[in-house]
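# Topology and contacts: notes
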2 protein chains.
Amino acid sequence: MSLTAASPFQVAQSASISARTLATLPADARNDALSAIHVALSAAKDKILAANARDMEAAARSAENGELSLSVLKRLDLSRKGKLEDMLKGILDVRELEDPVGRVSLRTRLDTGLDLERVTCPIGTLLIIFEARPEVIANIASLAIKSGNAAILKDEGGKESTESFIAISTVISEALESTQVPNASIQLLTSRSSIPDLLSLENLIDLVIPRGSNELVRYIKHNTRIPVLGHADGLCSIYIHETADAEVAKRVIQDAKTGYPAACNAVETLLVDEAVVETVLPVVAESLMSSGVSLRCDARSKDGLTAKLPKSLSVLLQDAAENDYKTEFLDLIIAIKTLPATPEIPGVEAAIEHINTYSSHHTDAILTRDRDVAERFMKAVDSAGVFWNTSTRMSDGMRFGFGTEVGISTNKIHARGPVGLEGLTTYKYLLRGEGQVAGEYGEGGKKWKHERLPIPE
Amino acid sequence: MSLTAASPFQVAQSASISARTLATLPADARNDALSAIHVALSAAKDKILAANARDMEAAARSAENGELSLSVLKRLDLSRKGKLEDMLKGILDVRELEDPVGRVSLRTRLDTGLDLERVTCPIGTLLIIFEARPEVIANIASLAIKSGNAAILKDEGGKESTESFIAISTVISEALESTQVPNASIQLLTSRSSIPDLLSLENLIDLVIPRGSNELVRYIKHNTRIPVLGHADGLCSIYIHETADAEVAKRVIQDAKTGYPAACNAVETLLVDEAVVETVLPVVAESLMSSGVSLRCDARSKDGLTAKLPKSLSVLLQDAAENDYKTEFLDLIIAIKTLPATPEIPGVEAAIEHINTYSSHHTDAILTRDRDVAERFMKAVDSAGVFWNTSTRMSDGMRFGFGTEVGISTNKIHARGPVGLEGLTTYKYLLRGEGQVAGEYGEGGKKWKHERLPIPE
């Protein structure tokens, strides 16, 4: 790992050349590098905390002057209980994951002595733009090395964490010297205002991964032709079908709204069948309101809730505007829309239509006791995650069992949904022959066998 | 299918709405639509040929005036032996392919009664920009319907094939009326100069597939933020290792260069170990020259060939300039470069370095009798196809056994190499629960099972 003030072009060029070597290293060599980083960072704990303390001091002064928010200050602080330990454990966790490189996904005997194999390999060079969290450097370096990709790390903006960054990356850099992983394959770029330059290097950088605010993701998506893995929005919906169990609805929506309201997989819109506006919905509403959630209701749901809720709560109900159904609140607010039952359009079809029009194609859920309705919903909703009787908050790489999460993608190209290490790989086709040529097959010539071969475990 | 002069925005909007319906149709409904198209086009043969004859008449006049090339004229002609029959057979071939939609690639039990499933689904709306070949409409419509995607078809430029286009798309449109496939899910856009407008509709169009010249692909890649499936260049190399069998080298290189020189998978550069410049290379060179191939040689290979070839051939050898190693000739020309053997850098490493620097990451091959050298080459060369002892021309969806080829991609994101129907799909995560919520797992709570479940055949 190098900490560099070189130009974006130089950085990307040296990273992409190192990527070629890194891509050919066996799993052991990549895992050994992670072990070396873990040992070195553990030994340098005090030095890192001292550097972080200096950053914190400077940042605290900026915060007093109102130049820095308290949340940035909190993010910056590495001395908080368990933070450094989590960072160190994270490196070992990534090391223990299954190797994503060299996995065979297709084997076909094209002809006798002519075997085709499709095998995963690293993508090449990643650009990761992240907000000022010092521990992220170790995490990204681990993911990149494990998956055999070079990575350019660029801090989103501030210089709040400069000393911490320098301390951590210097330790990683020294640790890599004793390993087979080329130093230049992980680079932390310190020169300022270089994000637009980096985003223009489409011939050297293969994938951009923004790890920061929605605004950052949106800016990047609109300013580069390099593929971007991520999502700008997470407008998730839950649809309460008329057969929904009230207790399940209460639990699931409570979790989806209040578990972590600022998360991209939190629910923002509730769609309700008219039939249960005065039965299931009041149970859900009372539970949400007791957790301080504001309810923005359409006329029908407001009427229904007003009829059923105690006055002390019903006076707090708000009116929804059309824009509320397009808003990712990221806060203790939820928009509620009633789906009128008509003989022509059943509620589930109205819900599908609403979600495919308004949602950000991230994660949407249905609550129902009717399996057929659930399967119809899961088939027709065009989102990365479509869930039945469970919380939208389940949309997460760790919860899905991927061991880690590189990000959640709302792209339809390449990785979609929570992305684990395999999202950092592509594949190539290896064809092993004995001198066969294309011209000898086809009309009047040899015939293709195209025999599917078993894939070794 | 509709033939439309509506605005690009209207077209894309109606296509993307139809895509939602198309995406939920079962395989039978999609296959039935292909049968209906086949029947209708077969019945309308005479009408289509008459329309094509009118196009040909007009085009022949343009060709006489020098406004149109003879190759365009040839491409346009549907009356040529077998062309219409091939088009019709192609529809049935696509119908018979395995359904690419609804395939399960991952099943995990997150917890009792909480099962995750990753299942393939259509991407959504495709934009296919193609050159003036009337039969392509039927092929693209078949691929789109089979994979459950809506498609907007736009002719690259000329109006040479207008009458043929109208005839074919009118027949397809009428045929679709009797099927469950929405008419607007396949649209042929006739309004002119609308390509830049279409390329700006990144919120409605999910993937662009250019089927035309390298210039067209390059133009599109530089003028849209929609992902593009394809390749602008096919600069393929073959490396003759010092242990290569002369007979295999002759056969393979002959096929790779002369089988179809204008193809993207034809070989353009020959890399040769110095040790075999006077043994294997002359055998290859003589065979190529007898087929009219021009050899552009570096000094060492020219000397070697001059020493071994008959004078009548050696006088025809040309000198290679640096630029020849960067050129996709698409013609009966090949550039030859000798790799000097040094104790530090074996030939295979020099070949890998050359290819990773110069090639277009499409397809590259090694000819050798040494398995270790071949495996090293296949590991380190960063191309979509890396072949051993076989021709670069093997890089093809039909030859790979995919049944069809949507294109060949040199992207590292999404599909890479020859792309079959599965390249027109993405996936979504379905999670079926019983009211579980995220907040009940983790520290002090329930534990994840993360049990891999078998995937049904």
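Under an unreviewed UniProt entry, the name given to chain A is glutamate-5-semialdehyde dehydrogenase, and the source organism is Trichoglossum hirsutum. Under the UniProt heading Catalytic activity (unreviewed entry), the entry covering chain A gives this text: "L-glutamate 5-semialdehyde + phosphate + NADP(+) = L-glutamyl 5-phosphate + NADPH + H(+)". UniProt, in its Sequence similarities (unreviewed entry) section for chain A, records the words "Belongs to the gamma-glutamyl phosphate reductase family."

Looking now at the interface of chain A and chain B. The partner chain B presents 75 residues to the 75 residues of chain A that form the contact. Here chain A and chain B share six salt bridges between them. On inspection of chain A and its partner chain B, the count reaches 49 residue pairs in polar contact (both at pLDDT 80 or more). The element that contributes the greatest number of residues to the side of chain A that touches chain B is strand β17 (residues 425–432) of chain A, accounting for seven residues.

Our next topic: the pattern of salt bridges. For the structure shown, the criterion picks out 55 salt bridges over all chains. Across the pair E96 of chain A and R95 of chain A runs a salt bridge, and its minimum N-O distance is 2.8 Å. The exposure class of E96 of chain A is exposed, given its relative accessible area of 57%. Looking at R95 of chain A, the relative accessible area reads 24%, which means it is partly exposed. Between R225 of chain A and E202 of chain A there is a salt bridge, and its shortest N-O distance comes to 3.7 Å. Taken together, the positions of R225 of chain A in the loop between α9 (214–221) and β8 (236–240) and E202 of chain A in the loop between α8 (195–199) and β7 (207–211) put the pair 23 residues apart, joining distant regions of the chain. Exposure remark for R225 of chain A: the relative accessible area of 41% places this residue in the partly exposed category. Within this structure, D111, E440, K446 and K449 of chain A together with R251 of chain B form a network of salt bridges that share partners.

This brings us to the pairing of strand β12 (residues 333–339) of chain B. Residue and element names in this part refer to chain B. Among the seven residues in β12, six count as buried, and that is most of the element. Taken together, the five bridges between strand β9 (residues 267–273) and β12 define a ladder with parallel strand orientation. Bridge pairing in β12 links T269 to A335. Strand direction decides the pairing type here: strand β10 (residues 294–297) and β12, joined by four bridges, are parallel. Of the residues in β12, the one forming a bridge with R296 is A335.

Let us now look at the relation of the copies chain A and chain B. It takes a turn of 180 degrees to lay chain A on chain B, together with a shift of 0.0 Å along the axis; the resulting RMSD is 0.0 Å. What the rotation and shift describe, once combined, is the action of a two-fold rotation axis. Identified as the residue of chain A closest to the rotation axis by C-alpha distance is H414 of chain A, at 1.9 Å. When the interface residues of chain A are mapped onto chain B, 100% of them again lie at the interface, so the same face is used by both copies.

So, on to the environment of L22 of chain B. Residue and element names in this part refer to chain B. Position of L22 among the secondary structure elements: in helix α1 (residues 8–24). The class for L22 is buried, based on a relative accessible area of 0%. Counting along the chain gives 174 residues from L22 to P196, while the straight-line C-alpha distance between them is 27 Å. Beyond its immediate stretch of four places on either side in the chain, L22 contacts R30, G148, N149, A150, V181, P182 and S185.

The assigned domain composition of chain A is domain 1 (2–100 + 116–221) and domain 2 (236–394). The gap between the C-alpha centroids of domain 1 of chain A and domain 2 of chain A is 39 Å.

The next point concerns helix α3 (residues 45–64) of chain A. Residues and elements named next belong to chain A. Between the first and last C-alpha of α3 there are 28 Å, a value that for 20 residues agrees with the 28 Å anticipated at 1.5 Å per step. Listed as buried for α3 are I48, A51, N52, D55, M56, A59 and A63. With its buried residues spanning 150 degrees around the axis, α3 presents them on a single face. Turned more than 90 degrees from where α3 packs its buried face, D46, K47, E57, R61 and E64 sit exposed. On the buried face of α3, the contacting elements are α2 (27–43), α4 (70–76), α5 (83–96) and α7 (162–177). A positive phi of about 75 degrees marks G66, the residue just after α3.

The next thing to look at is the side chain of E135 of chain B. Secondary-structure assignment places E135 of chain B in the loop between β4 (125–130) and α6 (136–146). Aside from chain neighbours lying at most four places away, what touches E135 of chain B is R75, L78, K83 and M87 of chain B.

The eleven strands are arranged β18(A)-β2(A)-β3(A)-β17(A)-β14(B)-β13(B)-β8(B)-β9(B)-β12(B)-β10(B)-β11(B) in an open sheet whose pairing can be described as mixed. Because the sheet does not close on itself, it has two edges, and the strands there are β18 (451–452) of chain A together with β11 (318–319) of chain B. Pairing of strand β2 (residues 104–111) of chain A with β18 of chain A involves two bridges; the strand directions are antiparallel. The partner of T108 of chain A across the bridge, within β18 of chain A, is R452 of chain A. Seen against the sheet, helix α15 (residues 371–380) of chain B touches β17 of chain A together with β8 (236–240), β13 (363–367) and β14 (385–388) of chain B and runs at an angle of roughly 175 degrees to β14 of chain B.

What follows is about the environment of E405 of chain B. All names here are of chain B. Following the sequence through the fold, E405 ends up in the loop between β14 and β15 (407–409). Using a relative accessible area of 24% as the deciding quantity, one classes E405 as partly exposed. Through-space distance from the C-alpha of E405 to that of V419 is 5.6 Å; in sequence the pair is 14 residues apart. The contacts of E405, once residues within four sequence positions are left out, are D396, G397, P418 and V419. Side-chain polar atoms of E405 contact the backbone nitrogen of G397, separated by 2.5 Å.

Note on placement: T224 of chain A falls in the loop between α9 and β8. In this structure the side chain of T224 of chain A is engaged in a polar contact, spanning 2.7 Å, whose partner is the backbone oxygen of L199 of chain A. In this view, T224 of chain A contacts L199 of chain A together with R225 of chain B; residues no more than four positions away in its chain are not counted.

Quick look at helix α9 (residues 214–221) of chain B now. All names here are of chain B. The complete set of buried residues in α9 reads N214, L216, V217 and I220. Seen end-on, α9 carries its buried residues on one side only, within an arc spanning 160 degrees. Buried residues in α9 make contact with β4, α8 (195–199) and β7 (207–211).

The next subject is the sheet that holds strand β13 (residues 363–367) of chain A. Here eleven strands make up an open sheet; going across it, the order is β11(A)-β10(A)-β12(A)-β9(A)-β8(A)-β13(A)-β14(A)-β17(B)-β3(B)-β2(B)-β18(B) and the pairing mixed. Sheet topology places β11 (318–319) of chain A together with β18 (451–452) of chain B at the edges, where each strand pairs with a single neighbour. Seen against the sheet, helix α15 (residues 371–380) of chain A touches β8, β13 and β14 (385–388) of chain A together with β17 (425–432) of chain B and runs at an angle of roughly 175 degrees to β14 of chain A.

What counts and what doesn't
- Residues numbered from 1 in each chain as written.
- Chains lettered and ligands numbered in written order.
- Predicted model: local features only at pLDDT ≥ 70, side-chain atom pairs only at ≥ 80, totals over all residues.
- Heavy atoms only, no water.
- UniProt positions renumbered as here; feature names shortened; annotations may be inferred.
- Contact = heavy atoms within 4.5 Å.
- Salt bridge = Lys/Arg side-chain N within 4 Å of Asp/Glu carboxyl O.
- Polar contact = N/O pair within 3.5 Å; in protein donor to acceptor, adjacent residues only side chain to side chain.
- Helix = DSSP H or I, 4+ residues; strand = E, 2+ residues; numbered from the N terminus.
- Buried < 20%, exposed > 50% of the residue type's maximum accessible area, 1.4 Å probe, protein only.
- Pairing = 2+ DSSP bridges.
- Least-squares fit on C-alpha atoms with pLDDT ≥ 70 in both.
- Domains from an automatic or database assignment.
- Expected span 1.5 Å × (residues − 1).
- Arc of directions from axis to C-beta.
- Axes fitted to C-alpha atoms, helices over the stretch in contact; angles between N-to-C directions.

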